[in-house]
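Here's the letter readout for the chains.
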Amino acid sequence: MRIARFTTGEEPGFGIVTGDLDEFGQLGDDARIVALAGDPLYVGIKLLEQEYRLDQVRLLAPVLPRSKVVGIGRNYAAHAAEMGNEVPEEPLFFLKPNTSVVGPGDAIYYPRQSQNVHYEGELAVVIGRICRDVPAENATDVIYGYTIANDVTARDLQRSDVQFTRAKGFDSFCPLGPWIETDLDPNDFSEGRKVQTYLNGDLVQDGTTADMVHDIPSLIAHVSSVMTLLPGDVILTGTPEGVGPMNIDDEVEVTVEGLGSLTNKVEARA
């Protein structure tokens, strides 16, 4: 089930997206969004009579995390190597503020403080209930679904600051979307699904989730051993090799096999 957040120009709402994805992660002209009553994360699935074509709505970030986005660093060995780092024995994680979240089609704003902003295409996990100290074998109990993310990073600030907060925390530095897919199992990703990023139409990242150092259940277990996770919290699972700079007016598209594609354009921050 694909759950989206959308607007027709009025108050945002939620809906179920119908239709089949093609090989490029795009929906056909027959795709529809059927409106829901309230946020299904909290009230469950309650269908309304309203139905729209996708070209009649604007898709928004499918979830607005109540408290946090948890990023995982160096979870693909080849990416760690390209950045000159070792693979950590335990998951390396950091926080992005919920104010960094934007949706599909929204601008990524290039901050004045940086001269080297990078894309990082990733698979993201959305948490479905309050949880703490979750054993890896019970991770599916707390997963609401999966979406696509771009963990935008000001690489020069990351290096100069040592820690990641400023480099990854700017407004618009966490595009999410286009929807949440709820009917997948973590093992689907252990077996390998493509994670690809295109910069102005050129393929720049071409990885697979099978190359994760720490799998999704292990990440949930590790993060929840440190902090309580709340409904709507998001865990970014790391990026494959091939990260690089993007500039003002560039367009970045991240695709995850079976989930769709997330596209954003880079604009100057006013």
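Residues numbered from 1 in each chain as written. Predicted model: local features only at pLDDT ≥ 70, side-chain atom pairs only at ≥ 80, totals over all residues. Heavy atoms only, no water.

Where do I start with the overall build of the protein in this structure?
A count of helices and strands for the protein gives six helices and 20 strands. Computed over the C-alpha atoms, the radius of gyration of the protein is 17 Å, within 12% of the 18 Å expected from 2.2 N^0.38 for a compact globule of 270 residues. Over its C-alpha atoms, taken along the principal directions, the protein stretches across nearly 55 × 45 × 30 Å. Evaluated residue by residue, the protein yields a buried proportion of 53% over its 270 residues. Sequence separation of 24 or more characterises 72% of the internal contacts of the protein that already satisfy a separation of 6 or more. For the protein, the accessible area works out to roughly 12000 Å², and carbon and sulfur atoms hold 45% of it. (Helix = DSSP H or I, 4+ residues; strand = E, 2+ residues; numbered from the N terminus. Rg over C-alpha atoms; globule rule 2.2 N^0.38 Å. Buried < 20%, exposed > 50% of the residue type's maximum accessible area, 1.4 Å probe, protein only. Contact = heavy atoms within 4.5 Å. Areas by Shrake-Rupley, 256 points an atom, 1.4 Å probe, with all protein chains shown as cover.)

What's the story with the environment of F94 in this structure? I'm lost.
Positionally, F94 belongs in strand β7 (residues 92-96). Considered as a pair, F94 and L236 are 142 residues apart in the sequence and their alpha carbons are 9.9 Å apart. The contact partners of F94, leaving out residues within four places of it in the chain, are V69, V70, G71, I72, G73, D151, F164 and K168.

Sorry if this is basic, but what is going on with the pattern of salt bridges here?
Note on pairing: side chains with opposite charge can pair once their charged atoms come close. Summed over all chains, the structure comprises nine salt bridges. A salt bridge links R53 to D55, with the nearest nitrogen and oxygen atoms 3.0 Å apart. One salt bridge connects D233 with K68, and the closest N-O pair in it is separated by 2.8 Å. With a gap of 165 residues between them, D233 in the loop between α6 (216-224) and β17 (234-236) and K68 in the loop between β5 (58-60) and β6 (69-73) connect regions that are remote in the sequence. (Salt bridge = Lys/Arg side-chain N within 4 Å of Asp/Glu carboxyl O.)

So what exactly am I meant to see when it comes to a nonpolar patch on the surface here?
On the surface, a nonpolar cluster with roughly 270 Å² of combined accessible area is contributed by M1, I45 and L47. Turning to its location among the elements, I45 is positioned in the loop between α1 (40-43) and β4 (47-53). (Patch = residues over 30% accessible without salt bridge, like charges linked within 9 Å, V, L, I, M, F, W, Y side chains within 5 Å.)

Would you mind going over the sheet that holds strand β19 (residues 251-256) with me for this structure?
Pairing between sheet strands relies on hydrogen bonds along the backbone, with the strands arranged either parallel or antiparallel. Taking strand neighbours across the sheet as the criterion, the five strands line up as β9-β20-β19-β15-β16 in an open arrangement whose pairing is mixed. Of all strands in the sheet, those bounded by a partner on one side alone are β9 (107-110) and β16 (202-208). Between one strand and the next, the sheet's axes are offset by a mean angle of 20°, whatever the strand orientation. In terms of strand pairing, β9 meets strand β20 (residues 260-268) through four bridges, oriented parallel. By the bridge assignment for β20, Y110 is matched with A268. (Pairing = 2+ DSSP bridges. Axes fitted to C-alpha atoms, helices over the stretch in contact; angles between N-to-C directions.)

Even after reading the chapter, I still don't get unusual backbone geometry, so can you show me in this structure?
Most peptide bonds take the trans configuration, and most residues that are not glycine carry a negative phi. G177 connects to P178 through a cis peptide bond whose omega is 0°. Even without being a glycine, D133 presents a positive backbone phi close to 55°. By the element assignment, D133 lies in the loop between β11 (121-127) and β12 (143-150). For N200, which is not glycine, the phi dihedral falls at a positive 55°. For N200, a relative accessible area of 43% corresponds to the partly exposed category.

Would you mind showing me how to read the pairing of strand β15 (residues 194-199) here?
Residues in a regular strand point their side chains to alternate faces of the sheet. Bridge analysis of β15 against β16 gives six bridges, and the strand direction is antiparallel. Bridge pairing in β16 links V195 to G207. With five bridges joining them, β15 and β19 adopt antiparallel strand pairing. The residue bridging T197 from the neighbouring strand is V254, located in β19.

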